[in-house]
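Below are the chains, spelled out letter by letter.
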Protein chains: 4
Amino acid sequence: MTALRFFSDNAATVHPAVMEALAAANHVDTAYDGDALSQSLDAAFSDLFETDCEVVWIATGTAANSIILAHFVRPWQGILCYEEAHIEVDECGAPTFYSGGAQLMTLPGAGAKIDAEALRKRIAGIRKDVHQVQPAAISITNATEYGLAWRASEIGAISEVARASGMKLHMDGARFANAVAFLGCSPADVTWRAGVDALSFGFTKNGAMMAEALVFFGGSGGAGVRELKKRGGHLLSKGRFVAAQIRAMLKDDLWLANARAANAGAAALAAACGPRLMHPVEANELFVRISAEEAADLRAQGFDFYDWGDGAIRLVVSWDQDAAAVAPLAAAIAGL
Amino acid sequence: MTALRFFSDNAATVHPAVMEALAAANHVDTAYDGDALSQSLDAAFSDLFETDCEVVWIATGTAANSIILAHFVRPWQGILCYEEAHIEVDECGAPTFYSGGAQLMTLPGAGAKIDAEALRKRIAGIRKDVHQVQPAAISITNATEYGLAWRASEIGAISEVARASGMKLHMDGARFANAVAFLGCSPADVTWRAGVDALSFGFTKNGAMMAEALVFFGGSGGAGVRELKKRGGHLLSKGRFVAAQIRAMLKDDLWLANARAANAGAAALAAACGPRLMHPVEANELFVRISAEEAADLRAQGFDFYDWGDGAIRLVVSWDQDAAAVAPLAAAIAGL
Amino acid sequence: MTALRFFSDNAATVHPAVMEALAAANHVDTAYDGDALSQSLDAAFSDLFETDCEVVWIATGTAANSIILAHFVRPWQGILCYEEAHIEVDECGAPTFYSGGAQLMTLPGAGAKIDAEALRKRIAGIRKDVHQVQPAAISITNATEYGLAWRASEIGAISEVARASGMKLHMDGARFANAVAFLGCSPADVTWRAGVDALSFGFTKNGAMMAEALVFFGGSGGAGVRELKKRGGHLLSKGRFVAAQIRAMLKDDLWLANARAANAGAAALAAACGPRLMHPVEANELFVRISAEEAADLRAQGFDFYDWGDGAIRLVVSWDQDAAAVAPLAAAIAGL
Amino acid sequence: MTALRFFSDNAATVHPAVMEALAAANHVDTAYDGDALSQSLDAAFSDLFETDCEVVWIATGTAANSIILAHFVRPWQGILCYEEAHIEVDECGAPTFYSGGAQLMTLPGAGAKIDAEALRKRIAGIRKDVHQVQPAAISITNATEYGLAWRASEIGAISEVARASGMKLHMDGARFANAVAFLGCSPADVTWRAGVDALSFGFTKNGAMMAEALVFFGGSGGAGVRELKKRGGHLLSKGRFVAAQIRAMLKDDLWLANARAANAGAAALAAACGPRLMHPVEANELFVRISAEEAADLRAQGFDFYDWGDGAIRLVVSWDQDAAAVAPLAAAIAGL
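In the annotation of an unreviewed UniProt entry, chain A is listed under the name Low specificity L-threonine aldolase and assigned to Sphingopyxis soli. For chain A, the Sequence similarities (unreviewed entry) comment in UniProt is given as "Belongs to the threonine aldolase family."

Peer 1: Would you mind showing me how to read the side chain of H279(C) here?
Peer 2: The residue H279(C) is located in the loop between helix 12 (254-273) and strand 8 (285-289) in this model. Filtering out sequence-adjacent residues up to four positions away, H279(C) remains in contact with G111(C), Y146(C) and F287(C).

Peer 1: What am I meant to see in the packing of aromatic side chains here?
Peer 2: The relation between two aromatic rings is expressed through the spacing of the ring centres and the mutual angle of the planes. Scanning all chains against the criterion turns up 70 aromatic pairs over all chains. A ring pair is formed by F45(C) and F203(C), whose centres lie 6.2 Å apart and whose planes are at 70 degrees; its orientation type is edge-to-face. Of this pair, F45(C) sits in helix 3 (residues 41-49) while F203(C) sits in the loop between strand 6 (198-202) and strand 7 (212-217), placing them 158 residues apart in sequence. By relative accessible area, which is 0% here, F203(C) ends up buried. The interplanar angle of 80 degrees and the centroid separation of 5.4 Å between the aromatic rings of F201(C) and W255(C) together place this pair among those described as edge-to-face. A residue pair is termed long-range when its members are at least 10 positions apart, and F201(C) in strand 6 and W255(C) in helix 12 qualify at 54 residues. Residue W255(C) is classed as buried on the basis of its relative accessible area of 1%. Taken together, the ring pairs in this structure connect F45(A), F49(A), F176(A), F201(A), F203(A), F217(A) and W255(A) into an aromatic cluster. Across the ring face of W150(D), the terminal group of K113(D) is positioned such that the distance to the ring centre comes to 5.9 Å.

Peer 1: What am I meant to see in the interface of chain C and chain D here?
Peer 2: Bring the parts together and some accessible area is lost; that lost area is often taken as the interface size. Contact residues are listed per partner, giving 48 residues for chain C and 48 residues for chain D. Between chain C and chain D, roughly 4000 Å² of surface is buried when both sides are summed, and carbon and sulfur atoms account for 61% of that area. Three residues, F97(C), R231(C) and K238(C), lead the burial of chain C against chain D; their summed loss comes to 19% of the area buried on that side. Joining chain C to chain D, the criterion identifies 0 salt bridges. Applying the counting rule to chain C against chain D returns 35 residue pairs in polar contact (both at pLDDT 80 or more). Within the residue set of the side of chain C that touches chain D, elements represented by two or more residues are helix 1 (16-24), helix 4 (61-72), helix 6 (94-99), helix 10 (225-231) and helix 11 (240-250) of chain C. Classifying every residue of the side of chain C that touches chain D by side-chain character gives 23 nonpolar, 15 polar and 10 charged.

Peer 1: Quick question: what am I supposed to make of the packing of helix 1 (residues 16-24) of chain A against helix 11 (residues 240-250) of chain A here?
Peer 2: What describes two packed helices is the angle between their axes and the distance between those same axes. All names here are of chain A. Between helix 1 and helix 11, the least distance of the axes is 8 Å, while the angle of their chain directions is 140 degrees. Relative to helix 11, helix 1 is oriented oblique. Where helix 1 crosses over helix 11, the handedness of that crossing is right-handed. In contact with A17, V18, A21 and L22 of helix 1, helix 11 contributes F241, A244, Q245, A248 and M249. Class assignment of the residues belonging to the contact of helix 1 with helix 11 gives a composition of 8 nonpolar, 1 polar and no charged.

Peer 1: I'm lost on the relation of the copies chain C and chain B in this one. Help?
Peer 2: Superposing the two chain copies requires a rotation about an axis and a translation along that axis. The two copies are related by a screw operation: chain C maps onto chain B through 180 degrees of rotation and 0.0 Å of translation along the axis, at an RMSD of 0.0 Å. Considering both components of the superposition, the chain copies are consistent with a two-fold axis. Considering only C-alpha atoms, the part of chain C nearest the rotation axis is G100(C), at 2.9 Å. By residue overlap, the copies meet face to face through one surface: 100% of the interface positions of chain C are interface positions in chain B.

Peer 1: Help me out: how do you make sense of the relation of the copies chain C and chain D in this one?
Peer 2: With an RMSD of 0.0 Å, the fit of chain C onto chain D corresponds to turning through 180 degrees and sliding 0.0 Å along the axis. Comparing contact sets, 100% of the residues at the interface of chain C also lie at the interface in chain D, consistent with an isologous, same-surface contact.

Peer 1: Help me understand unusual backbone geometry, please; the structure alone is not making it clear to me.
Peer 2: One can expect most non-glycine residues to show negative phi and most peptide bonds to be in trans. Residues N142(A) and A143(A) are joined by a peptide bond in cis, for which omega reads -10 degrees. Positive phi values are uncommon outside glycine, yet D252(C) reaches one of about 50 degrees. Tracing the chain through its elements places D252(C) in the loop between helix 11 and helix 12.

Peer 1: In this structure, what is going on with the domain arrangement of chain A? I would like to understand it.
Peer 2: Residue and element names in this part refer to chain A. Looking at the assigned domains, one finds that chain A contains domain 1 (2-11 + 258-334) and domain 2 (16-253). If you average the C-alpha positions of domain 1 and of domain 2, the two centres end up 27 Å apart. Residue-level contacts link 19 residues of domain 1 with 19 residues of domain 2. In total, domain 1 and domain 2 occlude about 1600 Å² of area from one another, counting both sides; carbon and sulfur atoms represent 49% of this. On the surface where domain 1 and domain 2 come into contact, there are 3 salt bridges.

Peer 1: I'm lost on helix 1 of chain C in this one. Help?
Peer 2: Three- or four-residue spacings in an α-helix give side chains the same orientation, since the helix completes a turn every 3.6 residues. Taken together, the buried positions of helix 1 of chain C are V18(C), M19(C), A21(C) and L22(C). Projection of helix 1 of chain C onto a plane perpendicular to its axis shows the buried side chains occupying an angular sector of 160 degrees, all on one side. Residues of helix 1 of chain C that are exposed and point more than 90 degrees away from the buried face comprise E20(C) and A24(C). Those residues of helix 1 of chain C that are buried are in contact with helix 11 of chain C together with helix 1 (16-24) of chain D.

Peer 1: Sorry if this is basic, but what is going on with the packing of helix 7 (residues 116-124) of chain D against helix 8 (residues 152-164) of chain D here?
Peer 2: Residues and elements named next belong to chain D. Between helix 7 and helix 8, the shortest axis-to-axis distance is 9 Å and the interhelical angle comes to 15 degrees. Taken as axis vectors, helix 7 and helix 8 run roughly parallel relative to one another. The handedness of the crossing between helix 7 and helix 8 comes out as right-handed. Residues A116, L119, R120 and I123 of helix 7 form the contact with helix 8, whose participating residues are A157, I158, E160 and V161. Of the residues in the contact of helix 7 with helix 8, the class split is 6 nonpolar, no polar and 2 charged.

So, how was this worked out
Residues numbered from 1 in each chain as written. Chains lettered and ligands numbered in written order. Predicted model: local features only at pLDDT ≥ 70, side-chain atom pairs only at ≥ 80, totals over all residues. Heavy atoms only, no water. UniProt positions renumbered as here; feature names shortened; annotations may be inferred. Helix = DSSP H or I, 4+ residues; strand = E, 2+ residues; numbered from the N terminus. Contact = heavy atoms within 4.5 Å. Phe/Tyr/Trp six-rings, centres within 6.5 Å; stacked < 30°, edge-to-face > 60°. Buried < 20%, exposed > 50% of the residue type's maximum accessible area, 1.4 Å probe, protein only. Lys NZ or Arg CZ within 6 Å of the ring centre and 35° of its normal. Buried area = accessible area lost by both parts, 1.4 Å probe. Salt bridge = Lys/Arg side-chain N within 4 Å of Asp/Glu carboxyl O. Polar contact = N/O pair within 3.5 Å; in protein donor to acceptor, adjacent residues only side chain to side chain. Nonpolar A, V, L, I, M, F, W, Y, C, P; charged D, E, K, R; others polar. Axes fitted to C-alpha atoms, helices over the stretch in contact; angles between N-to-C directions. Parallel < 35°, antiparallel > 145°, perpendicular 65-115°, else oblique. Left-handed = near helix turned anticlockwise from the far one by under 90°. Least-squares fit on C-alpha atoms with pLDDT ≥ 70 in both. Domains from an automatic or database assignment. Arc of directions from axis to C-beta.

And the structure:
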């Protein structure tokens, strides 16, 4: 009953094209990432992003974020991010684990976007000595944890701060597809062209089974990434099955089609929510003011979602729930 | 051309029943490991092992070994193992990474089996002070890195040493199925009944796509295991697809049937190799004395395998290569 | 020119009694911490604190805090503390390093004291799952980073929260002597009697050369502490010289006399500062509102201190600067 | 009764000149390592070693070794060393801790010297892939753990292997002074001129209280060293007292005079031991074949030393035990 389940795109179904790609990959090829599918990723993403990319597949977003960040900072350095960033509050400390102890240094920000000026002040406030942790990377999430899409100019402003301080800029793109679908831009526009050094490009929430890509732009990858992956136990021996998922998602822009469907579903719900919305809806997540009684009412009708503190809920629309599919929930909300 | 490829069971095909299980799991269920399939593992393994088991799925054997060992030792402690154990030489330091710095303390051993008496002496030689690393776990591999199956009595002797020193006993069972198939015993006989505290039960080499099980016997799991898994980025959001693979492998003892097929293939090759064999063949790996010219000859016929130092090669038979399937290679070796 | 230097008690002189104790310890005894002086610490502190104590000497406060906290939490857990706590902002991530990755989870608080109710809410807001870091210890600093002394009842309120959540309570006592001197209480009253599990008892700022004590109350120490110390490179081979400093500081309550002198100096300065004070002066630190011009004026008179952001300075009075010694600075401030 | 104690130079007395230097440093100067004494070390060692040196003081040899090695390798890399090297067997895993998980990769070697050819073979045997840990540093100890001095040519041979593989070469010089005193060479000859990148120069065993120097030759230090030191809790606030010890040890070559005295004592004992010696005596340690009855006899006469396995003892002569001072023990051994 997909039509009733809005608790997370994490649990959505896998797209038939991905299932077919798994079947098609079921023949012997070299183990780990030496197979033809794994080896094809650099070229495929370089095409998509219109620049040279080094790409490493991985099974989870937490590992993707952690390995990129661990590659960008040394154990005694820090990572600047939004105070409710996924890397800070939902990964059990994985970035600290992978980096050997790097500190996440958090900032507030409207709609989960940190502000370039606040960032500049935060950095200026850190004494340049060995007593204080010196940040070496900035991480932003696109679409953000509150469902907003970073504009290229906003990313550029953050990137400028990063460059001025010699820091790397990472983008957590667990829902990168939804952001790009909303913006209607080239993937390049909100990544390397805006100064992003590496992207965690998520496919799992968007129709894959377990497949994410670490995308390093313009050679910012390098020694250490593959060691971190192996050392973390993430070098699957039959890696071709992860690469196959990614190739299927890229083929004919399935990633974009799926994201557009989810976004359309979210937009339909947003229209029904009207002033209840806590944030603009630009991707596939909605944060909705709703009383406990109303939430109970929706649940009694079979709808499934998370509470988001007192008086609010989070709704997530999955790739297999387009505008038509969400109509029952839209109607139910309108009828509250 | 499966019949020609003997370089690793790591790269083998996925069994059709596993592919079907993936398709059957393609509906929405709770994310991570809250789904029905994941939740069913404890009971399924408790049945198989005839005792209460706590079971955690994971995508790779390196992660399985590392998380169990990290759970059993503190960062300043050590892990005793064979000097060429997979955890020592083929995991890029993953057990040290996951444990926060534990030291692997290695011993020699014929056929990759450490000896209980040598183990006892090694432990006795460690000063009980804070200057020397104190071991807190022992890890053995079954089938061993040289393709031998540990007998229950041999495991019991190691376990006795572990118990006497208050250490935990871990079994790396990347090819556990092959060992059990060879021994014809109950899985319980060579695990908890012989004193094993936890098993990395491998399915990937034996017909799964990416699926291993951390099996804790008699409640030796506990706080920390799931945190280590999440923190390592191994809590796949659509975890039901890993659990589904494992359930498919357990169904009608597919794991055993696959291992028997691979073992039978290895036995057929062993007969052809005769005195060239460096170790008895008890599982699905063969280590064969062969000149460089002979190796080249086999390769010219299309066979694929790894060199194993000078004058030797390693052959691995996969679940999809039974006695009949390996006939061409057996003939080629006999004809050298 | 001690009378002019107020930038830190970190750089103060060493008390003559400590120098004499070093000379008196200059004979051969067992290495590391097996010597008579090191072995005498448990008893000496048990007397002082009126309860059984396990005591470990260490050369720095950063190491003291880090080892206690690393002992109290596992790598995937968290430590709750004030947002400007020394462990958070001035130790280059040492607690995270020693603990193998534990996360510092910060709270605001007036005068650098976190509030029990805010703490309770913060803990309640953490989902009890593996995605979020679960705190396992609380750390407070006494005297605080802003020079206030925690009252026994305030500590008790924090301790109640710790107990209710099964957490350990650590006290960073870099200036513990100054707090006790101000409160005029027994050291026991603001430690174990109020629910503190372990104290970093600082002596270096208060007249020693390099000597701090990890004090575990009522057996809360145990396996791991000495391993963490050795592993951190902190088990000095001639450890008797650190123990000797501590014994000299305890003798005839020199620690208290020195703290009283520093506090008296701070009180004299406080009287001169009047409404310029940003916080009540309860220990030996003063935070003073002062214009850049006024600060320059004081510096021109030879006084040495740190700026504390815009329009403020920090003054620290050392054990060798009593009320009489600080008269020149008091006069200079009064004359601004 | 210094004349009777031969269990370790770790527990020896502190030289009067060092005690005087501590007294002389007892005035206020900048905290940490900003003081004049700390700042003077680069120049002092550059003079001694006849090349530009970057020097960092530290309180223990374990920390010295660990910080240098952590600076030279990344967490997933390895450190090649002798199988009984102090860093492997006597530091509770500190180098692994500081490096964030680097693996020590050990080799046998006569007299605790690894062999260049064996080293070359060991390195060649490591597959250049992400599954195997790749070494990035080599560590040798001079004088060795069995009391031998590395000759410049021997070091050069090791250095050649290091250079060929792009590795750094570290020297653990806990008893560097004894080696130089024996060889009668310039300190430069057995360090940078022979290809050593960094030296842990020990003073504590040789007359200091707690003082070692990390010496980086020719700019091989750099970003990270001081962060590792602070993060490890080793940046003593009154650091001038450590720097003062080092300066006292360097003054008028006190380090060399002390080492010569200890070596002379050892040589006198060696003459008495004759064929009982297990290794040539080139520094201040002797490994002596002796029966349990004979050992008991010596102990009954008041002599103090460690057993070294069955049928052997270790004798260490300290800086304050010259040839005359060891006469009673020499006589006792001769009389066995």
